[in-house]
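Structure assessment
Here's the letter readout for the chains.
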Amino acid sequence: MSAWLPTAPCTPQGCARPVTAVAGAPRAALRLLALVLVTALGVVLSPVVGRCPPRVRDALVARWCRAVVRSVGVRVRITGAAVPAGGVLVVANHISWLDIPLTAAARPARMLAKREVGSWPVAGPLAARGGTLFIERDRLRALPDTVARIADALRSGAAVVAFPEGSTWCGRAQGPFRRAVFQAALDAGVPVQPLRISYRSGGGAFSAAPAFVGDDVLLASLWRVATARGLVAEMEVLPAIAPGAHPHRKSLADAVETAIGHGVEPRTRHTLRASPRAHMRAAG
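Throughout what follows, the structure given in this document is the object of discussion. Here the structure is a predicted model, which is why all the values come from computation and not from measurement.

1. Topic: the overall build of the protein chain
Within the protein chain, the regular secondary structure consists of ten helices and seven strands. Looking at the protein chain as a whole, 50% of its 284 residues are labelled buried. Looking at the protein chain alone, contacts between residues at least 24 apart form 80% of all its contacts between residues at least 6 apart. Summed over all atoms, the accessible surface of the protein chain reaches about 12900 Å², with 61% contributed by carbon and sulfur.

Now the structure itself:
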């Protein structure tokens with residue numbers, strides 16, 4: 001248990017109930033089977049894809065990530081300019097496990113994950129092969145080293161994805177952004193690319209069905225998404241913030257939080273004591 005990691009007040013019972021039409025169980029089962037097959041294909045082909053030239057590799061990874069989201073019946077809608085090439089800190093609000101393949105569909109990047117993920121079966125080796133930066137989220141003393149490692153990755157020309165809320169929120173509200181990861185962008189002298197993520201029904205209404213919050217269980221979340229009809233994952237690529245536009249991590253974090261928050265449902269701010277489950281799903 002860590003006293004400084006944030007978590008959200010959102011719960012599956014209060015926030016993540018499906019608000020879209022419900023698909024039948026057979027269709028939902030086929031969607032989950034498709035997810036398993038697409039994921040397995042990615043695992044099998046990852047060694048081959050890893051040997052491809054960077055441009056080809058990134059294009060293949062982006063297509064695969066989009067296929068992961070589509071496999072569970074969720075359409076993908078990405079708007080805005082392309083994410084800049086070279087080293088860039090990609091920052092997004094955090095709602096669901098779907099956020100990870102969704103951000104990679106815009107630009108494949110190195111993710112942040114807690115160190116224990118590296119020892120997980122299947123997910124651990126796959127994450128390591130994808131260049132995931134494993135960090136010690138529950139040790140405050142490790143924070144300077146974590147920032148240094150992220151900065152080194154950015155200087156090398158890599159894109160790094162962070163979810164600075166530190167936990168998932170349902171999408172009706174947004175948590176305050178933690179500032180540490182923005183120091184890495186300042187140290188490396190790279191731009192920050194904000195992404196605004198939301199999930200809606202086919203008719204455009206807000207949907208919390210994909211939210212993976214509180215004490216939610218992954219299998220329950222998978223089933224909720226697979227049974228929802230007409231879900232659309234929307235991601236808006238907002239204007240990038242150039243290096244030097246903000247001299248301090250506080251002003252940089254505030255600028256990105258404000259930019260992303262303008263498109264989020266009416267917001268509230270909470271910083272609560274984190275639960276062990278929050279540690280597992282806070283990947284930034």
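2. Comments concerning the packing of helix H3 (residues 54–71) against helix H4 (residues 99–106)
The interhelical angle for the contact between H3 and H4, taken along N-to-C directions, is 145°, at an axis separation of 8 Å. Handedness of the H3/H4 crossing: left-handed. Between H3, through Ala62, Cys65, Arg66, Val68 and Val69, and H4, the contact on the second element is made entirely by Pro101, Leu102, Ala104 and Ala105. In terms of residue class, the contact of H3 with H4 is built from eight nonpolar, no polar and one charged.

3. Concerning the environment of Pro194
Its location among the elements puts Pro194 in strand S6 (residues 192–200). When the C-alpha positions of Pro194 and Val237 are compared, they lie 6.6 Å apart, and in sequence the two are 43 residues distant. Setting aside residues no more than four positions away along its own chain, Pro194 makes contact with Val91, Glu236, Val237, Leu238, Pro239, Ala240, Val256 and Ile260.

4. Description of the pattern of salt bridges
Between side chains of opposite charge, pairing is possible as soon as their charged atoms come close. Per the counting criterion, the structure on display carries seven salt bridges. Between Arg57 and Asp58 there is a salt bridge, with the nearest N and O atoms lying 3.5 Å from each other. Since its relative accessible area comes to 29%, Arg57 is described here as partly exposed. A salt bridge links Lys250 to Asp254, with the shortest nitrogen-to-oxygen separation between them at 2.9 Å. Of the two residues, Lys250 and Asp254 are both situated in helix H9 (residues 249–261); the distance of four residues between them amounts to about one turn of the helix. Using a relative accessible area of 30% as the deciding quantity, one classes Asp254 as partly exposed. Here the residues in one salt-bridge network are Arg77, Arg200 and Glu234, joined through shared partners.

5. A short note on the nonpolar core
A general trend in soluble globular proteins is that nonpolar side chains are found buried together. Core analysis: the biggest nonpolar cluster contains 38 residues, and Val74, Val90, Leu98, Leu102, Ile197, Tyr199 and Val225 have the highest contact counts within it. Residue assignment for this core shows that the elements contributing at least two residues are helix H2 (25–50), H3, strand S2 (88–92), strand S5 (159–162), S6, helix H8 (218–227) and strand S7 (232–237). Excluding residues that lie within four positions of it along the chain, Val225 makes contacts with Arg31, Val72, Val74, Trp97, Leu98, Ala209, Pro210 and Leu231. The next biggest cluster of nonpolar side chains, apart from the first, holds 27 residues, and it includes Val91, Ala151, Ala153 and Ala184.

6. Some thoughts on the sheet that holds S6
With respect to topology, seven strands assemble into an open sheet ordered S1-S7-S6-S2-S5-S3-S4, the strand pairing being mixed. Edge positions in the sheet fall to strand S1 (75–80) and strand S4 (133–135), since each of these pairs with one other strand and no more. Averaged over all neighbouring strand pairs, the angle between strand axes comes to 25°, with direction disregarded. Alignment of strand S3 (residues 110–114) against S5, held across two bridges, turns out to be parallel. What sits directly across from Met111, in S5, is Val161. Helix H7 (residues 180–188) rests against S2, S3, S5 and S6 of the sheet, and its axis sits at about 155° to S2.

7. Topic: the pairing of S7
Pairing of S1 with S7, which is carried by six bridges, proceeds in the parallel orientation. Bridge pairing in S7 places Arg77 opposite Glu234. Alignment of S6 against S7, held across six bridges, turns out to be antiparallel. Within S7, the position partnered with Tyr199 by the bridge is Ala233.

About the cut-offs
Residues numbered from 1 in each chain as written. Predicted model: local features only at pLDDT ≥ 70, side-chain atom pairs only at ≥ 80, totals over all residues. Heavy atoms only, no water. Helix = DSSP H or I, 4+ residues; strand = E, 2+ residues; numbered from the N terminus. Buried < 20%, exposed > 50% of the residue type's maximum accessible area, 1.4 Å probe, protein only. Contact = heavy atoms within 4.5 Å. Areas by Shrake-Rupley, 256 points an atom, 1.4 Å probe, with all protein chains shown as cover. Axes fitted to C-alpha atoms, helices over the stretch in contact; angles between N-to-C directions. Left-handed = near helix turned anticlockwise from the far one by under 90°. Nonpolar A, V, L, I, M, F, W, Y, C, P; charged D, E, K, R; others polar. Salt bridge = Lys/Arg side-chain N within 4 Å of Asp/Glu carboxyl O. Core = buried A, V, L, I, M, F, W, Y, C linked by side-chain atoms within 4.5 Å. Pairing = 2+ DSSP bridges.

The analysis is restricted to geometry; functional conclusions fall outside its scope.
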